[in-house]
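# Fold and contact review
Okay, here's what each chain looks like letter by letter:
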Amino acid sequence: MRRLWPLLLLVLLLLPGLPPLLRAGLVYGAERAGFRLEVGRVRGYALLGLLREGLELEGQGISLKAGRLRLDYQLLGLLGGRLPLKVALSDAEVAL
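The following refers to the structure shown. (Residues numbered from 1 in each chain as written. Predicted model: local features only at pLDDT ≥ 70, side-chain atom pairs only at ≥ 80, totals over all residues. Heavy atoms only, no water.)

Now for helix 2 (residues 19-32). Helix length check: helix 2, at 14 residues, gives a terminal C-alpha distance of 20 Å against a target of 20 Å (1.5 Å per residue), a fit within 8%. Here helix 2 has its buried residues at L22, L26 and A30. What you see down the axis of helix 2 is that its buried residues fit within an arc of 60 degrees, all on one side. Structural note: helix 2 exposes P20, Y28, E31 and R32 on the side pointing more than 90 degrees away from its buried face. Buried residues along helix 2 sit in contact with strand 1 (36-45) and strand 2 (49-59). (Helix = DSSP H or I, 4+ residues; strand = E, 2+ residues; numbered from the N terminus. Expected span 1.5 Å × (residues − 1). Buried < 20%, exposed > 50% of the residue type's maximum accessible area, 1.4 Å probe, protein only. Arc of directions from axis to C-beta. Contact = heavy atoms within 4.5 Å.)

Shown next, in the form of structure tokens:
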């Protein structure tokens, strides 16, 4: 059993970086917030930041189409009551 702990820890650390899980989490979160999301490619690590390519987001009076959207954040900042966030868009059209 002691040999399984390092393997279990490794699996738990790798899960937030798997593209299918990232995509599923993004689509689920967008739907729960009342948005329709289509995303082509997702890369990154869910705990630190994400890069989305081929993104279309619509809902609640907002329309966003972007070739690339990069979100950098530090979730540990939430412990202090704030979320440091950096957003970078390229090839984007936004309608509010």
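There is more to say after this.
Looking now at the sheet that holds strand 4 (residues 85-95). Within the open sheet, the four strands sit side by side as 1-2-3-4. Their pairing is antiparallel. Every other strand in the sheet has two partners, leaving strand 1 and strand 4 as the edge strands with one partner each. This sheet shows a mean twist of 15 degrees between the axes of neighbouring strands, independent of strand direction. Relative to strand 3 (residues 62-73), strand 2 is paired through 10 bridges, and the arrangement is antiparallel. Residue G49 lies in a different strand from strand 3, and its bridge partner there is D72. (Pairing = 2+ DSSP bridges. Axes fitted to C-alpha atoms, helices over the stretch in contact; angles between N-to-C directions.)

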